[in-house]
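Letter by letter, the chains look like this.
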Amino acid sequence: MSTTTPTPAKWVYDFSEGSKDQKDLLGGKGANLAEMTNLGLPVPPGFTITTDACRFYLEHGSTPPELPDQVSEHLVALEKAMGKTLGDSADPLLVSVRSGAAASMPGMMETVLNVGLNDESVEGLAAQSGSDRFAWDSYRRLIQMFGKTVQAIDGELFDEALDAVKAEQGTDLDLDLDAEHLRDVVGRFKAIVREHTGRDFPQDPREQMDLAINAVFDSWNSDRAILYRRRERIPGDAGTAVNVCSMVFGNLGMDSGTGVAFTRDPGSGEQGVYGDYLQNAQGEDVVAGIRNTVPLVDLADIDRGAYDELMGIMARLESHYRDLCDIEFTVERGKLWMLQTRVGKRTAGAAFRIATQLVDEGLIDMDEAVRRVTGDQLAQLMFPRFVSGGNATQLTQGMNASPGAAVGKAVFSSERAVEEAQKGEAVVLVRRETNPDDLAGMIAAQGVLTSRGGKTSHAAVVARGMGKTCVCGAEELQVDTKAGRFTAPDGTVVSEGDVISIDGSTGKVWLGEVPVEPSSVVRYFEGEIDPESTEADGGADDLVRSVHRILTHADAARRLDVRTNADTPEDSARARRFGARGVGLCRTEHMFLGDRRQLVEKLILAEGDEQRQAALDALEPLQKQDFLEIFEAMDGLPVTVRLLDPPLHEFLPDLTELSVRVAVAEAEGHHDEGQLRLLAAVRRMHESNPMLGLRGVRLGLVVPGLFAMQVRAIAQAACERTKAGGDPRPEIMIPLVGAVQELEAIREEAERVLGEVCRDCGIDVRPLIGTMIEVPRAALTAGEIAEYAEFFSFGTNDLTQMTWGFSRDDVEAAFFHQYLDKGIFGISPFESLDRDGVGRLVRIGAEAGRAARPDLKLGICGEHGGDPDSVHFFHEVGLDYVSCSPFRVPVARLEAGRAALGGEPAGT
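Reading the values: the criteria
Residues numbered from 1 in each chain as written. Predicted model: local features only at pLDDT ≥ 70, side-chain atom pairs only at ≥ 80, totals over all residues. Heavy atoms only, no water. Helix = DSSP H or I, 4+ residues; strand = E, 2+ residues; numbered from the N terminus. Rg over C-alpha atoms; globule rule 2.2 N^0.38 Å. Buried < 20%, exposed > 50% of the residue type's maximum accessible area, 1.4 Å probe, protein only. Contact = heavy atoms within 4.5 Å. Areas by Shrake-Rupley, 256 points an atom, 1.4 Å probe, with all protein chains shown as cover. Lys, Arg positive; Asp, Glu negative; His and termini not counted. Charge placed at Lys NZ, Arg CZ, Asp CG, Glu CD. pLDDT = per-residue confidence, 0-100. Salt bridge = Lys/Arg side-chain N within 4 Å of Asp/Glu carboxyl O. Disulfide = S-S within 2.5 Å.

A. Looking closely at the overall build of the protein chain. Helices and strands together make up the secondary structure of the protein chain, namely 36 helices and 33 strands. Its C-alpha atoms give the protein chain a radius of gyration of 32 Å, within 12% of the compact-globule value 29 Å for 908 residues. With 908 residues in all, the protein chain has 56% of them scored as buried. Excluding contacts between residues fewer than 6 apart, the proportion of contacts in the protein chain whose partners are at least 24 apart in sequence is 68%. Element-wise, carbon and sulfur atoms account for 47% of the exposed surface of the protein chain, whose accessible area totals about 36,400 Å². Looking at the protein chain, you have 93 positive and 144 negative side-chain charges, and the mean spots of the two groups are 3 Å apart.

Structure below.
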């Protein structure tokens, strides 16, 4: 019997072996480098270590056993292609070691440049390049990056040493340091390494490379990478690829440089030449914002040949990818090299504009345009914007890096931003420039303001990806983060805690609070802007027209209907303007608040049937009028009315407060019989866990006449509306059913009342009668319940609480942040549906209900109805509609269309 040796796993791919469709294996950077290589673009040779290798490393604590030999094999091929040997003392090959996950995570993981330099090869590099300064600048960069990234040395130690040398030479600029100064910097950096690691900086080039590869793998689980993945809903087990690429140098002199380019403006979507360029620099200098860049268009004057070639490549890449491309490049002594491309992050407004532009250019169709935008982006476009006026004083104007209107107290550190935000304070994070360690503060802040950097700086790129307002490159501001203040050009000093306003659409910065107005998109939804009009006539701008086109197509494509959660005629009317096709949840308990609370108290305190009926009789006409107004606002569309759900004691005073009030009154000699009766009722009705107590359907069974009064009010309102020529379509929903017998009893009573009203008014009003599925037992016995229900509406708020055993009001503040930090949650299950647990109950309930009653209508009315990711799940399990708050209706419409067209939910 013959045996065969198993083929060893392939952990390494040459750039010529992959394609852009292999992001899961090669990471985004590796896949796109391979794509550009295969397109024949000028890409420095290199190879990619797969995400599989990273996952192996993270699971086993060591690299795959075959990896060293495969890396050696590809390194030899690279050396042969370049005609150089890694770290050779005479003419060294140098490489970069860079991360590259499947999903873009800008700045969140590690990069090490100039790997292969040591005390000997630096001299060879100087001789070959003809520039001592370039060689020693490259060496100091390697030690600085390697020390911080691989050896976990505090990066500020290197910054301080470099600043000290610059100060000794009387300059603030790296470019003013000559070769001898940089040799001095290298010496100081090596001393820092020795002091903090107990060993000299590694001189073996292969050891440098191997340690850098492992450091990139380790950076997948850095605090900032985990935080970014959690926010962007990127799977924690995906891992990162590692790209080893032969170095090309933008720091060889003023005829060299590095830059970042976009094929369209990532802030607005406008077509043109967008990007930043920095002469005599390496790639990290641009995104770090260490020196202010020049606009990309200036490259035409600096090096026309490189500029023209770059413009041609950008046009080719956009056509090839059929999307906005984000490009990193280097010019080495006039030679253009492409270092990276990816589908670029963009603002919400740019996403909608670019999608319709590409349709008009024939690159994509409208189905793809809908898939290219998200509900989260649409929600961002509904945020208010600044208007002129108020008492705020403009301080300066920087670059409009990421749009939006942000107002908050100025804070000068990430830690402070998090601390203040946890107290409920709105803050704006102010920095000279941000780095990846500032991510937590950027998330916590309302907006970000930096005095350095451009539209491609770290702050700008990350803020755009998060939909966070950002103003960058406000050079006139003198920011002193240690002192916690900045100084404006007119001498105004803004200290920590002072309120500032920043406009990410214009780049303007104010001291004080600037008033806001509704966005043009909200005005369009409100019917104030005609999408067919032109901006010149005071009508729709290109953003409104793009939103209108995409939403119209999404509406035509979607299967899921979208309703709203509304308890007032005003909310109902607004939701209808926003595109809601009915009310999926009308909470009647909200109608018992305010002045009506006293009537509820009378119901609760009633002694005997007569008093209780009198209280119900007083409430009934008020309820009827409420329903009549909502039916009018939603005429011709379904209105699902949930009968009273919360426990009655919620309409009574707090037990502790009332006890104190009565005790104080009695101590002062006042005896109030009514207050004593009220206190006795509150004590009698007090429950240790009211969420699981006397509420919902249980109230209807225990309090005689309560649900009958509500059903009668619904039916009378429907009759009156019908007589007035309207088309009311009420649906009656019984809450918190856990057993079919509960629903059977309430349905019998409701049908009796409906029959009485129909006979009295002479109109056949027959609302559908259904139930909320919010108790796990109801989902598990849905087949039985469906025999007495014409519709199910999944109440995912309570279903989530009961499935997890959580009391939402308690647990979110108590320990959810720890669950998120520990990775138990990727996102709160109250924010996005828990598909594995709660979602499984929804699926079971839907399938069992439809099996028993094929025409059963299925919907969802929890807060998840407006969550983009959850909408995709509800489409998948076959629900008929989702219901959400009025302002989330457009989001749900868009995501329902995206789900029908195969668009990916958020975070996938």
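B. Structural view of the confidence of the model for the protein chain. For the protein chain, per-residue confidence averages 90 on the pLDDT scale, and residues scoring 70 or more make up 97% of the total. Ignoring residues within four places in sequence, the model shows residues 1-6, a span with pLDDT below 50, making zero contacts including any to other chains.

C. Region of interest: the pattern of salt bridges. Across all of its chains, the model carries 66 salt bridges by this definition. As a salt-bridge pair, Arg-712 and Glu-620 come within 3.4 Å of each other at their nearest N and O atoms. Separated by 92 residues along the polypeptide, Arg-712 in helix 27 (residues 706-723) and Glu-620 in helix 23 (residues 609-633) bring together distant segments of the chain. Overall, Glu-620 belongs to the buried group, its relative accessible area being 12%. Salt-bridge contacts for Lys-857 lead to Glu-731; the nearest nitrogen and oxygen are separated by 2.7 Å. Of this pair, Lys-857 sits in strand 32 (residues 857-860) while Glu-731 sits in strand 29 (residues 729-734), and the two are 126 residues apart along the sequence. The class of Glu-731 is buried, set by a relative accessible area of 3%. When salt bridges with common partners are traced through the structure, they connect Asp-137, Arg-140, Arg-141, Asp-163, Lys-166 and Asp-174 into a single cluster.

D. A look at the state of the cysteines. In total, this model carries one disulfide according to the counting rule given. The closest cysteine sulfur to the non-disulfide-bonded Cys-470 is located on Cys-472, 3.5 Å from its own sulfur. Here Cys-884 is not disulfide-linked; the sulfur of Cys-861 is the nearest cysteine sulfur, at 11 Å. For Cys-884, a relative accessible area of 2% gives the class buried.

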